[in-house]
Amino acid sequence: MSAPPLVVRVENTREIAAVKAVAPLLGARCDPSGSYVLAGAQDNSLVRWKLGDKTADTLQGHKSWVRALAFAGQTLYSGDWTGRLLAWNYLDAKPTVQANLEAHRGWLRALAVSPDGKILASCGNDRKVRLWSLPNLKPLHTLEGHNCHVYNLAFHPEGQSLVSADLRGVLREWDLSRFAIKRSLDASVLYKYDQVFAADIGGVRSLAFSPEGKLLACAGISNVSNAFAGVGNPLVVLFDWASGKIQTLLRPKEAFQGTAWGVAFGPGGRLLGVAGGDGGMLYAWKPDEAAANFTLKFDSNARDLSLHPDGRRFVVPFESGLLRLYDMAPKGT
Amino acid sequence: MYCHPCEHALSRRHFLLGSASLGAGLLGLAHFARPEAAAQLAAQQKRVLLIWLHGGVSQLETWDPKPGTDTGGPFQTIATSVPGIHLCELLPHTAKQMHRLALIRGINTAEDDHGKGAVIMHTGRRPEPGLSYPHLGSVCAKLLGEESNPLPGYIHITPRVSDGFQVGDLSFLGPRFAPVELRDGQAPANSERPANLRVEADILRQQIRQKASERFLQRRRSAQTEAYTASYDQAAGLMKKRSLFDCSSEPMTVRERYGQHDFGRHCLIARRLLEGGATFVKVTHTNYDTHHENFDFHLEQLGEFDRPFATLLEDLHQRGLLESTLVIVMSEFGRTPRINRNYGRDHWSQAWSIALGGCGIQGGAVYGKTNANGTAVTDGMVNAGHLFHTFLKALGLDSKKNWYIDNRPIPMADPKAAPIKEVLA
């Protein structure tokens, strides 16, 4: 007689492990093997957390902050605010830098690896999206089509398209066979030019496709009334990928001031989002319901979200320096 | 309460230390028939350019970067034209002008409120009940400005959408020396003669107004009525100088050097005004009050500031005007070394920096020092009083002189402070 299926639900969410970095954390990713979590910290280091024995060490090599992290095979790729892209043998006992190159002029904001593991995409403040062949990091192509800082990117699960998203909420779908813009999507609800402070605020801070590629989620801040105080609300813009139309604007159930820094597709087809601002929050939404149907308050600003490959766990890096692992499976399973 | 206008005229001569400036003041530029002589004298006329980075620019993202520390943030430093001096990487163009700038890195103004901080930095004093000290701009308008100058003595170019925390100057120097605000760098409203008003008719109506005004003044003369009368003369002069506010006559290459945005245009107007004889031009760039997303916002704001400012410095130098123009870049305070939970920096007056350049300033000088992560001044701590003394001294003015209100001496600058000699040429 087989065991009953494990019911993984966000309502079960509980912290099961944590590690404390010496500096506030910026972003984190679970590795494909599920054995490690890598996180960027405000002291320019990378925190490597081994989930098996819960030990952690740091990788030194960047000269600035790192939020862009991606894995391919046994290599970690990390990008920093100076525009440098580093490759690490992160599974080694003492990881070292295998490659270090200037990928962008200015802040390299995000990295993504194609589903077949053959292409690394990077984007940054130089308004460019760059493609690199893996594992040799040979430049493949530069995609130009954004008019401002490019904040994020993600490959479609089928691998034919790459989507990039910028400060003003402009999304470009790139046809990777022609290296040309295929279409544009509008997430400008995540952007505002604040007339009083004479500055831009917003941008797509996190980007995620649903596993089957039918939905695309973009996270950020909306309803901004004071850019320099961060007075606005977290928002996840959910696109129907086929039509390119906004399907749902996903909001907190109760008022919260801050930015949605991370989004992922969790168990049961629900979306998970984390926010930071006036504290930290975890939200869960059904794709067709605007208001979150689950909320969990954190004790610090959440700055990213990465789903573990097992589908039941996720990690959140915090402003407090804590890197926490959560489990969505019932306790004792 | 107000001193007599004659006292102003006399005190102005006394305050001027340079004989050339005195000569210019007495004779007027029109007496010089040869253009080169007039140009030479114009270069000797002292003037001020104040760039006000409204909201409180971060010293760590500008003049006193601390990369690799817990407070340093993500940006790196870059070398400048002065070996050994590094600026934040957000100022690449300004870094090339470092040999024309001096940095004061040990400022402690002990005031974290926007309004009070702005008053302190404009007056060199903490606000006191019952006495409003004049702004630097008003002081310069009075002591350096020519009465025959058709331009207002204290011009403030404000942003399009924000008043930049206007700190009104209601001091004893009187409204005549108060700032004239040019919103978005536009010429003052209604400063153009209406198209349906003939020149002859305009002259005639001015003459009628003058006669009526003179008759009124015979019985009720006061600082306000003087200012009222002077404002008409100033307006008439402004109408003749209206072209200074119009950048469209500048070649496109010049406009592009300054940048096709508001602050670039405002800097170009400032250059035109200074060239045209303005005494004190303040340009406000907004906004730096970055409690949230300090780094993204400084990237954007300083990206706008850097090139126009450096271009303006270079152009003033090329025109031979920089030696006689004191350049000041300052805010109401700096920003906290500690990075808050929203990637922001908050108000911080305990250890911050400003930049000076041009007239009377020793290019490449650095005075004051903060500790490794910028949380405290470790050497050369100064306050706004020291800065105010330094500004006046750089302009060749004796900052230890007094104003007089009903024979009561009011020190021009805080007597407890003194000029910072280390940054003076």
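Note that the structure is a prediction, hence the values are computed from the model and not measured.

Thresholds applied
Numbering of residues begins from 1 in every chain and follows the order in which that chain's sequence is written. Chain A is the first chain written and ligand 1 is the first ligand written, with later ones labelled in order. Since the coordinates come from a predicted model, pLDDT governs what is reported: local features require at least 70, and pairs of side-chain atoms require 80 or more to be given and counted, while whole-chain, interface and lining totals use all residues. Each helix corresponds to a stretch of at least 4 residues labelled H or I by DSSP, and each strand to a stretch of at least 2 residues labelled E; elements are numbered beginning at the N terminus. Based on C-alpha atoms, the radius of gyration is set beside the globule rule, defined as 2.2 Å times the residue count to the power 0.38. We call a residue exposed when 12 or fewer other C-beta atoms sit within 10 Å of its C-beta, buried when the count reaches 20 or more, and partly exposed for counts in between; the C-beta positions come from the backbone. C-beta atoms are first placed from the backbone for all residues, and any pair lying within 7 Å is then listed as a contact. As used throughout, domain bounds are those supplied by an automatic or database domain assignment. Think of a nonpolar core as buried Ala, Val, Leu, Ile, Met, Phe, Trp, Tyr and Cys residues, each tied to the set through C-beta atoms within 7 Å. One requirement defines pairing of two strands: DSSP has to find at least two bridges between them. Where helices are involved, their axes are fitted lines through C-alpha atoms of the stretch in contact, as for all axes, and angles between N-to-C directions lie from 0 to 180°.

**What to know about the overall build of chain A**
Thought 1: Within chain A, the secondary structure is distributed over zero helices and 30 strands.
Thought 2: The C-alpha radius of gyration of chain A comes to 19 Å, within 12% of the 20 Å expected for a compact globule of 333 residues.
Thought 3: Dimensions along the principal axes, computed over C-alpha positions, put chain A at roughly 55 × 45 × 45 Å.
Thought 4: By the burial criterion, 52% of the 333 residues in chain A qualify as buried.
Thought 5: A separation of at least 24 residues holds for 46% of the contacts in chain A among residues at least 6 apart in sequence.

**Some points on the domain arrangement of chain B**
Thought 1: Assigned domains within chain B: domain 1 (5-187 + 279-423) and domain 2 (196-245).
Thought 2: Every contact between the two is made by ten residues of domain 1 of chain B and, on the other side, twelve residues of domain 2 of chain B.

**Here's the deal with the nonpolar core**
Thought 1: By size, the foremost hydrophobic cluster in this structure holds 110 residues, and its most contacted members are A39(A), L153(A), A217(A), C218(A), V236(A) and L323(A).
Thought 2: Element by element, the count of residues in this core is highest for strand 21 (residues 215-226) of chain A, at seven residues.
Thought 3: Those residues in contact with A39(A) that lie beyond four places of it in its chain are A21(A), L25(A), G27(A), A28(A), L46(A), V47(A), P317(A) and L323(A).
Thought 4: Counting 98 residues, the second-largest nonpolar core is a separate cluster that includes L136(B), I269(B), L299(B) and F391(B).

**Re the interface of chain B and chain A**
Accessible area lost during the coming together of the parts is what is often quoted as the interface size.
Thought 1: Contacts between chain B and chain A engage 19 residues on the former and 21 residues on the latter.
Thought 2: By residue number, the principal contributor to the side of chain B that touches chain A is helix 11 (residues 294-318) of chain B, which donates three residues.

**Points about the sheet that holds strand 4 (residues 46-50) of chain A**
Pairing between sheet strands relies on hydrogen bonds along the backbone, with the strands arranged either parallel or antiparallel.
Residue and element names in this part refer to chain A.
Thought 1: The four strands lie next to each other as 2-3-4-5, forming an open sheet whose pairing is antiparallel. Each of the sheet's edge strands pairs with one partner strand only, and the pair in question is strand 2 (25-30) and strand 5 (55-59). Between one strand axis and the next, the sheet turns through 20 degrees on average, direction left out of account.
Thought 2: Here five bridges tie strand 4 to strand 5, and the two strands are oriented antiparallel to one another. Of the residues in strand 5, the one forming a bridge with K50 is T55.

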